[in-house]
Amino acid sequence: FNHVAGKLCIFRDVTVERDLEKQIRHSSNTDFLTGLYNRRCFYQYIHNNRGSRTVSLMYIDLDRFKEVNDTYGHKVGDAVLVHTADVLRQLFRDDFVARLGGDEFVLFIQNAADRRGLERCAEKLVSALNRTFSSTEYSVTVSASIGIVPVQGGESFAQLYEAADKALYEVKRTRRNGCQ
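The present account deals with the structure reproduced in this document. The residue numbers shown here count from 1 along each chain, following its written sequence. Local features are withheld for residues below a pLDDT of 70 in this predicted model, meaning they are given only at 70 or higher, and side-chain atom pairs are given and counted only at 80 or more; totals for whole chains, interfaces and linings count all residues. Calculated side-chain values reflect all of the structure's heavy atoms, with hydrogen atoms and water omitted.

So, about the overall build of the protein. We count a stretch as a helix when DSSP gives it H or I for four or more residues in a row; a strand needs E for two or more, and each element gets its number in order from the N terminus. Helix and strand counts for the protein come out as six helices and seven strands. Along the protein, helices and strands appear, N-terminal first, in the series α-α-β-α-α-β-β-α-β-β-β-α-β. Going through the 180 residues of the protein one by one, you find that 41% of them count as buried. Intrachain contacts of the protein at a sequence separation of at least 6 include 71% that bridge at least 24 residues. Note on areas: these come from Shrake-Rupley sampling with a 1.4 Å probe, and a residue is covered only by the protein chains present in the view. Roughly 11,200 Å² of accessible area belongs to the protein as shown, and the carbon and sulfur atoms make up 50% of that amount. Residue exposure (1.4 Å probe, protein chains only): buried if accessible area is under 20% of the type maximum, exposed if over 50%, otherwise partly exposed. Contact definition: two residues touch when any of their heavy atoms are within 4.5 Å.

Now the structure itself:
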């Protein structure tokens, strides 16, 4: 017995399956409309990368976005969301940006600057968004309220998120189009 009469090799091209896997992974982690990371991916990112590092969280909510949808329609509202995502990507190339849903975005900044530096970043974002967004059919001024939470470590993600949410809604309550 120990005589090899032949060998049978079966090869299968799995390129299509690998491409589909990548596509599914991408779809499950990104927002279809804006191409930013989605809420699911954001929570996973926080879980995997938070550690004890110094981080900051910016919670961004577009002001009066419902009025844009009600006045101009959802097509224009979608264009405003895409515009906002583009601005966030341009200004925060090295940071983690996600769309949580609706008109809410979150920015996770690792090894963040001091509090004043974060406020300057947020003011720069507000200024960039304030430029009138328009086409031949409409003209919309986009504004945002931003809750900023600089963190030195030790806080749980739930505490971080709650503090950012609280700061955001304080801006919305008192003045809009700014940061706290």
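Two strands qualify as a pair provided DSSP detects at least 2 bridges between them. Pairing in this open sheet of five strands is mixed, and the strands run 2-3-1-6-7 from one edge to the other. Where the open sheet ends on each side, the last strands, each with one partner, are strand 2 (96-101) and strand 7 (178-179). Note: strand 1 (residues 55-62) against strand 3 (residues 104-110), seven bridges, orientation antiparallel. When the sheet's bridge partners are listed, Ile60 is paired in strand 3 with Phe105. Angles here are taken between N-to-C directions and fall from 0 to 180 degrees, while the axes themselves are lines fitted to C-alpha atoms, restricted in helices to the stretch in contact. Across the sheet, helix 5 (residues 115-130) lies against strand 1, strand 3, strand 6 (144-151) and strand 7, angled at about 160° from strand 6, the strand it touches most. Those strands touched by helix 6 (residues 157-174) are strand 1, strand 2, strand 3, strand 6 and strand 7, and its axis lies near 145° from that of strand 6.

The next point concerns the pairing of strand 3. Counted residue by residue, strand 3 has six buried out of seven residues, so it is predominantly covered. Bridge count between strand 2 and strand 3: five bridges; the pairing is antiparallel. The residue bridging Phe96 from the neighbouring strand is Phe108, located in strand 3. Once strand 2 ends, the chain turns through two residues before running back antiparallel as strand 3, passing Gly102 with a positive phi of about 55°.

Our focus in this paragraph is the pattern of salt bridges. Just to be clear on terms, a salt bridge is a Lys or Arg side-chain nitrogen sitting within 4 Å of an Asp or Glu carboxyl oxygen. Scanning the entire structure with this criterion turns up twelve salt bridges. Between Glu21 and Arg25 there is a salt bridge, with the nearest N and O atoms lying 3.6 Å from each other. Pair noted here: Glu21 and Arg25 are both in helix 1 (residues 15-29), with a separation of four residues, about one helical turn. Measuring nitrogen to oxygen at the nearest pair gives 2.6 Å for the salt bridge that ties Arg173 to Glu170. Of this pair, Arg173 and Glu170 are both found in helix 6, three residues apart, which corresponds to roughly one turn of the helix. Put simply, Arg18, Glu21 and Arg25 are held in one network by salt bridges that share partners.

The next thing to look at is the packing of helix 3 (residues 65-72) against helix 4 (residues 74-91). The geometry of helix 3 relative to helix 4 is characterised by a closest axis approach of 6 Å and an angle of 140° between their N-to-C directions. Viewed along their axes, helix 3 and helix 4 adopt a mutual orientation that is oblique. On the side of helix 3, the interface is formed by Phe65, Val68, Asn69 and Tyr72, while helix 4 contributes His74, Val76, Gly77, Val80 and Leu81. In terms of residue class, the contact of helix 3 with helix 4 is built from six nonpolar, three polar and no charged. Comment on the angle field: the value is read as roughly parallel under 35 degrees, roughly antiparallel over 145, roughly perpendicular from 65 to 115, and oblique elsewhere. Each residue is assigned to one of three groups, with Ala, Val, Leu, Ile, Met, Phe, Trp, Tyr, Cys and Pro labelled nonpolar, Asp, Glu, Lys and Arg labelled charged, and all others, Gly among them, labelled polar.

Expected helix span is given by 1.5 Å per residue-to-residue step, counting one fewer step than there are residues. End to end, helix 4 covers 26 Å across 18 residues, agreeing with the expected 26 Å (1.5 Å per residue, within 8%). For helix 4, the set of buried residues is Val76, Gly77, Val80, Leu81, His83, Thr84, Ala85, Val87 and Leu88.

Before going further, it helps to examine the packing of aromatic side chains. Classification of ring pairs uses Phe, Tyr and Trp, with its six-membered ring standing for Trp, and accepts pairs whose centres are within 6.5 Å; under 30 degrees between planes counts as stacked, over 60 as edge-to-face, and the remaining range as tilted. Counted under the stated rule, the structure contains six aromatic pairs. Centroid distance Tyr37 to Phe96: 4.6 Å. Interplanar angle 5°. Geometry classified as stacked. In this pair, Tyr37 sits in the loop between helix 1 and helix 2 (39-49) while Phe96 sits in strand 2, placing the two residues 59 residues apart along the sequence. Given a relative accessible area of 37%, Tyr37 falls into the partly exposed group. Residue Phe96 is classed as buried on the basis of its relative accessible area, which comes to 7%. Within the aromatic cluster, the residues linked to one another by ring pairs are Tyr37, Phe42, Tyr43, Tyr45, Phe96 and Phe108.

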